[in-house]
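Read off the chains here:
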Amino acid sequence: MIPDPIPAATLILMREGADSGDGPEILMVERGAALAFLGGAMVFPGGRVDPGDHAMVPVDAPDADEAAARIAAIRETIEEVGLAVGLTPAPDAATLTTLRAGMASGRPFAEALRDHRLTLDMQALTPFARWCPGHVPVRRFDARFYLAPIARGDAHPLIDGGETVRAIWTTARAALAEADRGAIRIIYPTRRTLERLALYRDFAEASADARAWPIRRIIPFRAERNGVPSICIPDDLGYPITAEPVASAERG
């Protein structure tokens, strides 16, 4: 029996590229090799939605689960890489350092925000996708993906040294090339996401395209494509590549 998925949230941070012709840069993090889930893989910042995230959802939120996921994406990004989006007013470096330290010591996110008179701006995140693979080597997640821009001057990640052991800014095309030559490990949802991100010239184009497609749970499935057993996804969700041979797919 396939277990119920664990709600999770992922944030794809985008900044202007050093060379505008290469498209925007995205932040990717490497998970610790010893971790049971995706150890050693390159992913985007994020993690599971906690009860504390649900407790912070405004009572008038039209979709409580969606709001909790956005809160989790903001919180996890602060915890993992020390970068803040979706906070008002935008915290300076000293405030962010103190905020993150308090959270690391166990202070609830809601209380840490109140300490610094910060509020959440969940509209700063653009919904991008929702992945819920049925392949369950360790545990199964129902992960909502979001986009958010960040200025180059504010984009200096500081890894937590626990779950996250490295953080890099890279273009989607460069990350795919690194994966193809075996320099980094990416799993199936990450590869499909990078292929889609590689289409965009800037954040504005990415966010506009994200709004142009429906967001449904993506549950990869097996099917034959041109006589080859493949792992596939629906072809009406904005992804340029929707199938990969089973033999080469890294499912996680």
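Every value quoted in this text rests on a predicted model; they were computed, and no experiment measured them.

So, how was this worked out
Residues numbered from 1 in each chain as written. Predicted model: local features only at pLDDT ≥ 70, side-chain atom pairs only at ≥ 80, totals over all residues. Heavy atoms only, no water. Helix = DSSP H or I, 4+ residues; strand = E, 2+ residues; numbered from the N terminus. Rg over C-alpha atoms; globule rule 2.2 N^0.38 Å. Buried < 20%, exposed > 50% of the residue type's maximum accessible area, 1.4 Å probe, protein only. Contact = heavy atoms within 4.5 Å. Areas by Shrake-Rupley, 256 points an atom, 1.4 Å probe, with all protein chains shown as cover. Lys, Arg positive; Asp, Glu negative; His and termini not counted. Charge placed at Lys NZ, Arg CZ, Asp CG, Glu CD. 1 Å grid on protein atoms, 1.4 Å probe; cavity = no way out; pocket = protein on both sides within 12 Å on 5 of 7 lines; lining within 4 Å. Points joined across faces, edges and corners; volume = space filled by probe spheres on them. Pairing = 2+ DSSP bridges. Axes fitted to C-alpha atoms, helices over the stretch in contact; angles between N-to-C directions. Parallel < 35°, antiparallel > 145°, perpendicular 65-115°, else oblique. Left-handed = near helix turned anticlockwise from the far one by under 90°. Nonpolar A, V, L, I, M, F, W, Y, C, P; charged D, E, K, R; others polar. Polar contact = N/O pair within 3.5 Å; in protein donor to acceptor, adjacent residues only side chain to side chain. pLDDT = per-residue confidence, 0-100.

Along its length, the protein chain carries 7 helices and 13 strands. What you see for the protein chain is a C-alpha radius of gyration of 18 Å, in line with the 18 Å of a compact globule of 252 residues. Across its three principal directions, the C-alpha atoms of the protein chain cover 60 × 45 × 40 Å. Looking at the protein chain as a whole, 46% of its 252 residues are labelled buried. Put simply, of all contacts in the protein chain between residues at least 6 apart along the chain, 63% involve residues at least 24 apart. Summed over all atoms, the accessible surface of the protein chain reaches about 12000 Å², with 52% contributed by carbon and sulfur. Seen as two clouds, the 28 positive and the 34 negative side-chain charges of the protein chain have centres 3 Å apart.

Moving on to the environment of Ala 124. Relative to the elements of secondary structure, Ala 124 occurs in the loop between β6 (119-120) and β7 (126-131). Measuring from C-alpha to C-alpha, the distance between Ala 124 and Pro 220 comes to 29 Å, with 96 residues separating the pair along the chain.

What follows concerns the layout of surface pockets. Quantified by volume, the second largest pocket comes out at close to 500 Å³. Elements represented by at least two residues in the lining of the second largest pocket include exactly α3 (93-104) and β8 (141-149). The biggest single contributor to the lining of the second largest pocket is α3, with 4 residues.

Turning our eyes to something else, we now look at the sheet that holds strand β11 (residues 221-225). Pairing is antiparallel across the open sheet formed by 3 strands, whose spatial order is β11-β12-β13. The open sheet has two edge strands with one neighbour each: β11 and β13 (243-245). For this sheet, the mean angle separating the axes of adjacent strands, direction not counted, is 45 degrees. Taken together, the 3 bridges between strand β12 (residues 228-232) and β13 define a ladder with antiparallel strand orientation. Bridge assignment links Ser 230 to a residue of β13, and that residue is Pro 245.

Interaxial distance between helix α5 (residues 172-180) and helix α6 (residues 188-197) falls to 8 Å at its minimum, and their mutual angle equals 140 degrees. Looking at the two axes, α5 sits oblique to α6. The two elements α5 and α6 meet at a crossing, and its hand is left-handed. For the pair α5 and α6, the contacting residues are Ala 172, Ala 175, Leu 176, Ala 179 and Asp 180 in the first and Arg 191, Leu 194, Glu 195 and Leu 197 in the second. When grouped by side-chain class, the residues that make up the contact of α5 with α6 number 6 nonpolar, no polar and 3 charged.

Assignment of secondary structure puts Asp 53 in helix α1 (residues 51-55). The exposure class assigned to Asp 53 is buried, which follows from its relative accessible area of 1%. Only 2.8 Å separates the side chain of Asp 53 from the side chain of Arg 75, close enough to count as a polar contact. Excluding anything up to four places from it in sequence, Asp 53 contacts Arg 48, Ala 68, Ile 71, Ala 72 and Arg 75.

Before going further, it helps to spend a moment on the confidence of the model for the protein chain. In this model, the protein chain carries an average pLDDT of 91, and 94% of its residues clear a pLDDT of 70 or more. At the level of individual helices and strands, the protein chain shows its lowest average pLDDT in strand β9 (residues 164-171), which scores 90, and its highest in β7, which scores 98.

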